[in-house]
Amino acid sequence: MPVSEIGPSSSPEPDAALEDLDLELLVEALLFVASGPISPGDMREATGADEAAIERALQNLKAHYVDRGIRIILHGDSYQMCSAPAASRSCRILLGMNSNQKLTQASLETLAIIAYNQPTTRAQIEHIRGVNSDSPLSLLAARGLISPVGRGDQLGRPNLYATTAGFLAYFGIESLDDLPEADLPGPSSDGYG
Amino acid sequence: MPVSEIGPSSSPEPDAALEDLDLELLVEALLFVASGPISPGDMREATGADEAAIERALQNLKAHYVDRGIRIILHGDSYQMCSAPAASRSCRILLGMNSNQKLTQASLETLAIIAYNQPTTRAQIEHIRGVNSDSPLSLLAARGLISPVGRGDQLGRPNLYATTAGFLAYFGIESLDDLPEADLPGPSSDGYG
Amino acid sequence: MLGTWRTGTAASPLAEFNLELTSFDGPFDLLVHLIENQGFDITTLSLLAVTSQYVSYVETLQRKSAFAEATAEFLAVASQLLLLKSQAFLPSQTNDDEDISEAQSLADRLRVYSAYRKLAGELDEIQLSEMPLFPRLAVPTGIAPEIPKNWQDVSDLVFAIEAMLEQPEENGISVTLPFSRFSLKQRIDSVRDTIARVREVTFDVVASECGTRMEVVYTFLAIMYLVAQRGVSVRQSKAFGQITISIAEHQD
């Protein structure tokens, strides 16, 4: 197996003895280059710094970006950079997106069921909605608001769906904790879950 | 249907009478979300600010980012954000660009789906794999084996991915016709494909 | 407010309810609307009270054949409601508890649905005032990837597919898909014949003779098989676009 001399080896030695400021720079760069949410574990692996130092760097960065054009949002235990809400109109124009593509009631119901019950299956969604939900599911997946995160144990090993970081971004919220409070009778326990 | 007063209208008017600080925030967000270098003209169009104000914002931002994890670089007369050189080793590790490492099962699955169904979307890949595929997608893109080749017509205009010339080199084949025969589950008929 | 129903036309037999036919996202959406319209809470009693309105809606819906598939779901709930109502008027001597629990369970499901319907409304309001955040769309820049040549064998791609398709048996239950070799072979023959005849055809046309989704899947598998045999080639100019199947042009 040819070994590249400049490339990182298969057991990379990350930059050692990092000062906090240097680590902040690395974490900032990692959040920037990642194309999705990344966890503190990913950052530890990439930088070699310990988790506590990474947490400090993340808190400093979050504070640094609080009133800038970039935000750091939290999805599960992972972090992602996004543009700030105040810039959404300009970004929309730059990216050539129009705002008329609002989600329909069917999609919003499906999304609400997933958001408050994740991960969940198509069968559970259809049991709650009482109607076939293929079409809103594929629409939500195509828009990147939900994605399958694994397969359930049930017969046929159905896809389990959860919301994505794109879901947070679409509604302009920074974490799932910012969702409206739900007063739910609770998922029925009749085997569809 | 109630119309939100703060919501963006369908023919957005760029934010008027911007203070320099606000404009800096907008320009920062634009540089962040752009998929490539953007010109001051693009920024003027997206923000409605005049060119002189945009130049000031760009100079301030360049100065702000001079010792951070993100840099602002000039391509001709266009600007682009990229990660700081000091962070390149960490970024390489994060993005799995370690070229001495064989691709993981997740990456190979994703690559196989793209190779046999190109161009294809993230939603379709995830539908077939049954799991979120952000991370293998960004890794494959970072390794130069796939690249976005346009956007689909679906709602949300998702990226379409295809394999690159580097993909052929990596596997030592001369054209896509040299791919082995495979019984791949192709696009399903329920709206994902 | 979340309602998406539009005002009914004067000619509509449902004009008095201000309902338009295609505007309900399933039977529960309609039921909750009817119940809330009367100012009722969702109980077994209010279910019975709106049964006749519900049934007349579904009858009208049925007359529109284009919505046949959707009608099935509405019809299933209609028959459930009518059964509950008949039992309420003609109390049967037996199974009282079962009847009550059936009505109870429908009301329970409606309450759960209604809670999510309200949440959907709240999400709609956030959506309307949305100030979305945008993630980066760019592929990482500034770091040029080095691509080693001949680094991995292309058969690894096929192994990956095989591993992906290998479905582990869970709890000793093996899932049998309703494929029979016979019908898959039939499908292959039929697609091959069609293409030999017309030389080029779109997937939609080939699939149009399929009655069920499973048959569409069969058809797709048949085409994949023919592609693998290099009997046909398949073109799709864009994702979700039309798939065109034609006789393969062999390069000699």
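The model shown is predicted, which means the values in this text are computed figures rather than measured ones.

**Details of the overall build of chain A**
- The helix and strand inventory of chain A stands at eight helices and five strands.
- From first element to last, N terminus to C terminus, chain A shows the α and β order α-α-α-β-β-α-α-β-α-α-β-β-α.
- Here chain A holds 193 residues, and the buried ones make up 55% of them.
- Long-range pairs, those at least 24 residues apart, make up 53% of the contacts in chain A with a sequence separation of at least 6.
- Carbon and sulfur atoms make up 49% of the accessible area of chain A, which amounts to about 7,900 Å² in all.

**Some words on the packing of helix H1 (residues 20-33) of chain A against helix H3 (residues 51-64) of chain A**
Residues and elements named next belong to chain A.
- Contact geometry of H1 with H3 gives a least axis separation of 9 Å together with a crossing angle of 70°. As judged from the angle between their axes, H1 and H3 are roughly perpendicular. Every residue of H3 that contacts H1 at Asp-20, Leu-23, Glu-24, Val-27, Glu-28 and Leu-31 is listed here: Ala-53, Ile-54, Arg-56, Ala-57, Leu-58, Asn-60 and Leu-61.
- Split by residue class, the contact of H1 with H3 holds eight nonpolar, one polar and four charged.

**With respect to the interface of chain C and chain A**
- With 40 residues of chain C at the interface, the matching set in chain A holds 54 residues.
- Surface buried jointly by chain C and chain A totals about 4,500 Å² across both partners, of which 64% is contributed by carbon and sulfur atoms.
- When the area that chain C buries against chain A is broken down by residue, the three leading residues are Tyr-116, Leu-133 and Phe-134 of chain C, summing to 19%.
- Linking chain C with chain A are zero salt bridges.
- The tally of links between chain C and chain A comes to nine residue pairs in polar contact (both at pLDDT 80 or more).
- Looking at the side of chain C that touches chain A, the elements with two or more residues in it are helix H1 (27-37) and helix H5 (96-128) of chain C.
- Looking at the side of chain C that touches chain A element by element, the count peaks at 15 residues for H5 of chain C.
- Here the side of chain C that touches chain A is composed, by residue class, of 23 nonpolar, four polar and 13 charged.

**Some thoughts on the packing of aromatic side chains**
- This model, assessed by the stated rule, comprises eight aromatic pairs over all chains.
- Joined through ring pairs, the aromatic side chains of Phe-167, Tyr-170 and Phe-171 of chain A make up one cluster.

**So, the pattern of salt bridges**
- If you walk through the whole model with that rule in mind, you get 15 salt bridges over all chains.
- With its nearest N and O atoms 3.5 Å apart, the salt bridge here joins Arg-117 of chain C to Glu-36 of chain C. Placement of Arg-117 of chain C in helix H5 and of Glu-36 of chain C in helix H1 is noted, with a sequence separation of 81 residues between them.
- Exposure remark for Glu-36 of chain C: the relative accessible area of 35% places this residue in the partly exposed category.
- Note that Asp-108 of chain C is salt-bridged to Arg-111 of chain C, the shortest N-O span being 2.6 Å. One end of the pair, Asp-108 of chain C, and the other, Arg-111 of chain C, are both in helix H5, three residues apart, so they sit about a helical turn from each other.
- Residue classification places Arg-111 of chain C among the partly exposed residues on the basis of a relative accessible area of 31%.
- The structure contains a network of salt bridges with shared partners spanning Glu-24 and Glu-28 of chain A together with Arg-68 of chain B.

**Considering the nonpolar core**
- Grouped together as the largest cluster of nonpolar side chains are 60 residues, with contacts concentrated most on Leu-31, Met-43 and Met-81 of chain A together with Leu-31, Met-43 and Met-81 of chain B.
- Excluding its chain neighbours within four sequence positions, the residues that come into contact with Leu-31 of chain A are Ile-38, Met-43, Leu-58, Leu-61, Ile-72, Tyr-79, Gln-80 and Met-81 of chain A.
- Judged by nonpolar contacts, the second largest core, of 31 residues, contains Ile-128, Leu-140, Ala-141 and Phe-167 of chain A.

**What to know about the side chain of Glu-109 of chain B**
- With respect to the helices and strands, Glu-109 of chain B occurs in helix H5 (residues 105-117).
- Each residue touching Glu-109 of chain B, except ones within four places of it in the same chain, is listed here: Arg-129 of chain B together with Ala-160 and Met-164 of chain C.

About the thresholds
- Residues numbered from 1 in each chain as written.
- Chains lettered and ligands numbered in written order.
- Predicted model: local features only at pLDDT ≥ 70, side-chain atom pairs only at ≥ 80, totals over all residues.
- Heavy atoms only, no water.
- Helix = DSSP H or I, 4+ residues; strand = E, 2+ residues; numbered from the N terminus.
- Buried < 20%, exposed > 50% of the residue type's maximum accessible area, 1.4 Å probe, protein only.
- Contact = heavy atoms within 4.5 Å.
- Areas by Shrake-Rupley, 256 points an atom, 1.4 Å probe, with all protein chains shown as cover.
- Axes fitted to C-alpha atoms, helices over the stretch in contact; angles between N-to-C directions.
- Parallel < 35°, antiparallel > 145°, perpendicular 65-115°, else oblique.
- Nonpolar A, V, L, I, M, F, W, Y, C, P; charged D, E, K, R; others polar.
- Buried area = accessible area lost by both parts, 1.4 Å probe.
- Salt bridge = Lys/Arg side-chain N within 4 Å of Asp/Glu carboxyl O.
- Polar contact = N/O pair within 3.5 Å; in protein donor to acceptor, adjacent residues only side chain to side chain.
- Phe/Tyr/Trp six-rings, centres within 6.5 Å; stacked < 30°, edge-to-face > 60°.
- Core = buried A, V, L, I, M, F, W, Y, C linked by side-chain atoms within 4.5 Å.

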